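One letter stands for each residue in the lines below.
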Amino acid sequence: MLIFSDFDGTIAQNDVGDAFFRTFGDWPACEAAIKRWERNEISSRKVLEIAAAGARVTPERFEAFCAAQPLAPGFLEFVEFCREQRWPLVVLSDGLEAYIQSILQRHHLALPVYSNHLEFIAPDRIQVSFPYWEESCGRCANCKRQHVRRLAQKGERRVYIGDGFSDRCGAQAADFIFAKGDLSKWCAQERKSFLPFENFIAIREHLEKTQRFTM
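Calculation notes
Residues numbered from 1 in each chain as written. Predicted model: local features only at pLDDT ≥ 70, side-chain atom pairs only at ≥ 80, totals over all residues. Heavy atoms only, no water. Helix = DSSP H or I, 4+ residues; strand = E, 2+ residues; numbered from the N terminus. Expected span 1.5 Å × (residues − 1). Contact = heavy atoms within 4.5 Å. Salt bridge = Lys/Arg side-chain N within 4 Å of Asp/Glu carboxyl O. Pairing = 2+ DSSP bridges. Axes fitted to C-alpha atoms, helices over the stretch in contact; angles between N-to-C directions. Right-handed = clockwise from strand over helix to strand, strands pointing away. Polar contact = N/O pair within 3.5 Å; in protein donor to acceptor, adjacent residues only side chain to side chain. Buried < 20%, exposed > 50% of the residue type's maximum accessible area, 1.4 Å probe, protein only.

Brief notes about helix H3 (residues 27–38)
Step number 1: Under the 1.5 Å per step criterion, the end-to-end length of H3 is 16 Å for twelve residues, consistent within 8% with the ideal 16 Å.
Step number 2: In this structure, the buried residues of H3 make contact with helix H2 (16–24) and helix H4 (44–53).
Step number 3: Just downstream of H3 lies asparagine 40, where phi reads positive at about 65°.

Spelled out as structure tokens, the structure:
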């Protein structure tokens, strides 16, 4: 198996991107942009550009914010389980790699991450960039579908884990979906097979049963 997981609200207990811009940004402008994105009027790239333009944060405050973000229950044990099974675990996010890596590294986790980039361009100003935009669907700043298709080897079962609006593209390219939140609603509406989950403990238990059954 090849495991792909969303970060915000999935690996991280909270939606870290939303929390970041609520804390340091112009949240009314961000919220308005998010609603336009959900109506398919703008891309998530535009949302992040608007959000970054209104944010005021220093590197020190950024790191303190990241240090306060908890991982989802059972994720550390899930990483170890995937390692034991020799199943690659890949993080896919339409958020920002800087906070993802900061949070993962605090827990001594070295996982491949494909996301958008953040850099500081002044003592309290940030700028975002989009290394995967050219291969995006045009709706996502970092379309997860391209990564699922590109990274999977022949014969690998592609498992996708997610909770949000931006996970639809990645889920469409997967063989099996674990979903909650907006993604589970979308799967139900589209009649796509999925397994609902609350945390990584439930995901690990299901995959353990699947592994025993297929051995």
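Overview of the pattern of salt bridges
When the charged atoms of two side chains with opposite charge come close together, those side chains can pair.
Step number 1: Going through the model one piece at a time under the given rule, you end up with eight salt bridges.
Step number 2: We note a salt bridge from arginine 45 to glutamate 49, for which the minimum N-O separation is 3.1 Å. Taken together, the residues span about one helical turn, with arginine 45 and glutamate 49 both in helix H4 at a distance of four residues.
Step number 3: The partner of glutamate 80 in a salt bridge is arginine 83, with the nearest N and O atoms 2.6 Å apart. Of this pair, glutamate 80 and arginine 83 are both found in helix H6 (residues 75–85), three residues apart, which corresponds to roughly one turn of the helix.

What to know about the sheet that holds strand E2 (residues 89–96)
Step number 1: Read across the open sheet, the seven strands follow the order E4-E3-E2-E1-E5-E6-E7; overall the sheet is mixed. Where the open sheet ends on each side, the last strands, each with one partner, are strand E4 (125–129) and strand E7 (195–196).
Step number 2: As defined by bridge partners, strand E1 (residues 2–5) adjoins E2 across three bridges and the pair is classed as parallel. The residue bridging serine 5 from the neighbouring strand is valine 91, located in E2.
Step number 3: Each of strand E5 (158–162) and strand E6 (176–179) is contacted by helix H10 (residues 181–190), which is oriented at about 130° to E6, the strand it contacts most.

Some thoughts on the pairing of E6
Step number 1: Pairing between E5 and E6: four bridges, direction parallel. Considered in E6, the bridge of valine 159 is made with phenylalanine 176.
Step number 2: The pairing of E6 with E7 spans two bridges and is classified as parallel. Pairing of alanine 179 across the sheet is with proline 196, part of E7.
Step number 3: Between E6 and its parallel partner E7, the chain crosses via H10, and the hand of that crossover is right-handed.

With respect to the side chain of serine 184
Step number 1: Position of serine 184 relative to the elements: it lies in helix H10.
Step number 2: A polar contact is formed between the side chain of serine 184 and the backbone oxygen of glycine 181, at a distance of 2.7 Å.

Overview of unusual backbone geometry
Step number 1: In the Ramachandran plot, asparagine 40 falls in the positive-phi region, its phi being about 65° despite a non-glycine side chain.
Step number 2: Classification of asparagine 40 by relative accessible area gives exposed; the value is 53%.
Step number 3: Of note, histidine 108 is a non-glycine position whose phi angle comes to about 60°, a positive value.
Step number 4: Residue position: histidine 108 is located in the loop between helix H7 (97–106) and strand E3 (113–122).
Step number 5: Histidine 108 sits in the exposed class, given a relative accessible area of 73%.

Don't take any of this as a statement about function, it's just geometry.
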